[in-house]
Amino acid sequence: MLQSRLLPILLLVPLAVVASPVRDNDDSSLHPVFEAGVLTAKNVREQSTEFWRDHSRQQTLAKVARRDNRNVAKNVVFFLGDGLSVQTVASARVAAGGEEREFAFERFPHTGFSRTYCVDAQVADSACTATAYLAGVKANYGTLGVNGKVKRGDCEVDRGNRVESIAKWALEAGKDVGIVTTTRVTHASPAGLYANIPDRDWETDFGIRRDGCDPELVDDIAEQLVYGEIGSKLKVVLGGGRREFFDRTPDPETGRAGFRSDGKNLVKEWLNGDPGEHRRYVWSRSELLTVNPKTTDKLLGLFEPSHLQYNLDRISGNMHEEPTLAEMVNKATDILSQNPNGFFLFVEGGRIDHAHHENRARYALDETIQFDRAVFTARWKYSEEDTLIVVTADHSHTMSYAGYPTRGNDIFGFAGTGTDGLPYSTLSYANGQSFEDHFGAYSEGSARRDMRTMDMQTPRFRFPATVPYSTQTHAGEDVPVYASGPWSHLFSGSYEQSIIPDLISYAACFGSGPQACEGAGSSLL
């Protein structure tokens, strides 16, 4: 197996600012690059039959030569791109370097699609889906770690209706478990790993009281992270959400009070949790980078009061004390790798989703690029022989990638002209707040505003929405699954989202279901 390492240059490369497509020619020998509307020496080859036939033959032979990896997965890294729809992946490719660009996860040998609906909803949220892809049970909209018998907002949950997540299976097998996210660590997706709660919004005791329930009977999500059966055993937790752990204690960056109403300082309580352990709490990038993996028993990093900043804002605001997703993954895996039994790491690129909710496609596509860099970090560090990496999404979004733009056209630009004589953008949304930006006040009728008069270069530009709504909604189509490593071929096809944790546990030989090490196919028998 490759030693756990990372080329220093990887994290020193300036992060892409997605203002307009920047062409990356690293694959130019196979994938020529176009200039919009211009025939160049680089794309002349694509006019020939031989180019495409040769390309197809190479890809066919590579697929034929591939053999299924039936080793037992010592390590598992589960990447969740929140809201990472197929349209997001395709348009982010263009933003990252061109239509022919491939992300690291797109080079994985096996792909599939998962169905994302909730028990009570056609279009899912991040809570019921987290319960599906982390615990193997479909649940109701807005609920976490409970089955479909529990309705959102129920004040009490019968213990028999709580479900176990894949984190418990990994811990019982002697592996270490960690979480890395660009959202609050108490947000729906990461909380699916350790929380059992009837409402995803109950991140603190205040939320429980607000909704008329008793926090003495229901432990909030932050409290479950510190004291819960699974949360208390997590080796590494990195992300945002300081405000959920403090009461009136001033935030070290903003000076604002926390959101708790019970007088608790959960970070202090976490630090005092086990006198026999060396625990480390950090809230800045500088502190994170100084953490020694060999002498750290547990690490908690909370880098923002709420979610981490968008990468583009981090760059433009010179926020050097906020780590990138790739940096957090690098440190987390260094620590988790100290366990000879291996590890399970959950990684969320959560702000893809938030940007889509705001109709801000530039942010969403850049967050996708940063997400891919984190995937590359993990895949580069660990061998496919013993480390399974799964990349997927919880749900889709309504962003559309449409029209007839010329090859090489700016993905954030115009795709053509409508029958009203006005240009329309390649990217747009089915609904959201940006409706009023583009269609004006209702008194002006339905005529579109001329986008040429708008500042489309700012990352905060909101792309058109065709229906006014308080926030852009999720979408209901299937989402992609990409897999690399032991038993990654199991992730091919179309299936329910809830099968994913069982496929992982099969490959890694933990949990109560079927396991690879019980069959005749494992090379480690």
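Asker: I'd love a proper account of the overall build of the chain, names of residues and values included.
Answerer: If you tally the helices and strands in the chain, you get 16 helices and 16 strands. Evaluated residue by residue, the chain yields a buried proportion of 56% over its 525 residues. Surface summary for the chain: the accessible area is close to 21,500 Å², and the carbon and sulfur share equals 51%.

Asker: So what about the sheet that holds strand S15 (residues 479-484)? Which residues, and what values?
Answerer: Taken in spatial order, the ten strands make up an open sheet running S5-S6-S4-S3-S7-S1-S8-S15-S2-S16, and their pairing is mixed. Two strands in the sheet have a free side with no partner beyond their single neighbour: strand S5 (279-282) and strand S16 (493-496). When strand polarity is set aside, the average angle formed by the axes of neighbouring strands in this sheet is 15 degrees. Packing against the sheet, helix H16 (residues 500-508) makes contact with strand S1 (75-81), strand S2 (110-115), strand S7 (343-349), strand S8 (387-393), S15 and S16, and its axis sits at approximately 160 degrees to S1.

Asker: Got a sec to walk through the confidence of the model for the chain? Specific residues and values, please.
Answerer: Low pLDDT marks stretches whose predicted atomic positions should not be read closely. Taken as a whole, the chain shows an average pLDDT of 90; of its residues, 90% reach a score of 70 or greater. In the predicted structure, residues 1-39 sits below a pLDDT of 50 and forms 107 contacts with residues beyond four places in sequence or in another chain. A low-confidence stretch, residues 520-525 stays under pLDDT 50, and its non-local contacts, those more than four residues away or across chains, total eleven contacts.

Asker: Help me get a handle on the pairing of S2, residues and values and all.
Answerer: Burial along S2 is one-sided: the face carrying His-110, Gly-112 and Ser-114 is buried and the face carrying Thr-111, Phe-113 and Arg-115 is not. Of the strand pairs in this sheet, S2 and S15 are connected by five bridges, and their pairing is antiparallel. Across the sheet, the residue bridging to Ser-114 is Val-479, located in S15. Judged from the four bridges that link them, S2 and S16 form a sheet pairing that is parallel.

Asker: Go over the environment of Val-123 with me, naming the residues and quoting the values.
Answerer: Of note, Val-123 is situated in the loop between S2 and helix H4 (126-135). It is 4.6 Å that separates the C-alpha atoms of Val-123 and Gly-476, two residues lying 353 residues apart in sequence.

Asker: Explain the side chain of Thr-116 to me, and be specific about the residues and the numbers.
Answerer: For Thr-116, the location among the structural elements is in the loop between S2 and H4. Ignoring anything within four residues of it in the chain, the contact list for Thr-116 reads Ala-124, Thr-129, Lys-138, Asp-394, His-395, Gly-476, Glu-477, Val-479 and Gln-497.

Asker: Residue-level account of the state of the cysteines, with values.
Answerer: Note on terminology: a disulfide is the covalent bond linking the sulfur atoms of two cysteines. Overall, the coordinates contain three disulfides when judged by the stated rule. Each sulfur of the disulfide joining Cys-118 and Cys-128 lies 2.0 Å from the other. The chirality of the disulfide connecting Cys-118 with Cys-128 is left-handed, given an S-S dihedral of about -50 degrees. Placement of the pair is Cys-118 in the loop between S2 and H4 and Cys-128 in helix H4, with a sequence separation of ten residues. Each of the two residues, Cys-118 as well as Cys-128, counts as buried. Paired by a disulfide, Cys-509 and Cys-517 hold their sulfur atoms 2.3 Å apart. Taken N- to C-terminal, the disulfide-bonded cysteines of the chain are connected 1-2, 3-4, 5-6.

Asker: So what's going on with the packing of helix H12 (residues 325-336) against helix H14 (residues 361-381)? Which residues, and what values?
Answerer: At a minimum axis separation of 8 Å, H12 and H14 run at an interaxial angle of 30 degrees. Put simply, H12 runs roughly parallel to H14. For H12 against H14, the interelement crossing comes out right-handed. Of H14, the residues touching H12 (which contributes Leu-325, Ala-326, Val-329, Asn-330, Thr-333 and Asp-334) are Phe-371, Arg-373, Ala-374, Thr-377, Ala-378 and Lys-381. Grouping the constituent residues of the contact of H12 with H14 by class yields six nonpolar, three polar and three charged.

Asker: Describe in detail the packing of aromatic side chains, supporting the description with residues and values.
Answerer: Applying the stated criterion to the full structure yields 14 aromatic pairs. Measuring from centroid to centroid gives 4.2 Å for Tyr-310 and Tyr-363, while their planes differ by 10 degrees, and the two rings are stacked. Taken together, the residues span a long stretch of sequence, with Tyr-310 in the loop between strand S6 (298-302) and helix H11 (311-316) and Tyr-363 in helix H14 at a distance of 53 residues. Using a relative accessible area of 1% as the deciding quantity, one classes Tyr-363 as buried. Each residue in the set Phe-79, Phe-103, Phe-105, Phe-371 and Tyr-482 is aromatic and connected to the rest through ring pairs, giving one cluster. Across the ring face of Tyr-117, the terminal group of Lys-138 is positioned such that the distance to the ring centre comes to 3.6 Å.

Asker: Describe the nonpolar core, and please don't skip the residues or the numbers.
Answerer: In this structure, Phe-78, Leu-193, Tyr-194, Phe-245, Phe-344, Phe-491 and Ile-504 are the most contacted members of the largest nonpolar core, which totals 60 residues. For Phe-491, the contacting residues outside a window of four places in its chain are Thr-111, Gly-112, Leu-388, Val-390, Val-481, Ala-483, Ile-500, Leu-503 and Ile-504. One finds Leu-299, Ala-332, Ile-369 and Val-375 within the second-largest nonpolar core, a separate group that totals 56 residues.

Parameters and conventions
- Residues numbered from 1 in each chain as written.
- Predicted model: local features only at pLDDT ≥ 70, side-chain atom pairs only at ≥ 80, totals over all residues.
- Heavy atoms only, no water.
- Helix = DSSP H or I, 4+ residues; strand = E, 2+ residues; numbered from the N terminus.
- Buried < 20%, exposed > 50% of the residue type's maximum accessible area, 1.4 Å probe, protein only.
- Areas by Shrake-Rupley, 256 points an atom, 1.4 Å probe, with all protein chains shown as cover.
- Pairing = 2+ DSSP bridges.
- Axes fitted to C-alpha atoms, helices over the stretch in contact; angles between N-to-C directions.
- Contact = heavy atoms within 4.5 Å.
- pLDDT = per-residue confidence, 0-100.
- Disulfide = S-S within 2.5 Å.
- Parallel < 35°, antiparallel > 145°, perpendicular 65-115°, else oblique.
- Left-handed = near helix turned anticlockwise from the far one by under 90°.
- Nonpolar A, V, L, I, M, F, W, Y, C, P; charged D, E, K, R; others polar.
- Phe/Tyr/Trp six-rings, centres within 6.5 Å; stacked < 30°, edge-to-face > 60°.
- Lys NZ or Arg CZ within 6 Å of the ring centre and 35° of its normal.
- Core = buried A, V, L, I, M, F, W, Y, C linked by side-chain atoms within 4.5 Å.

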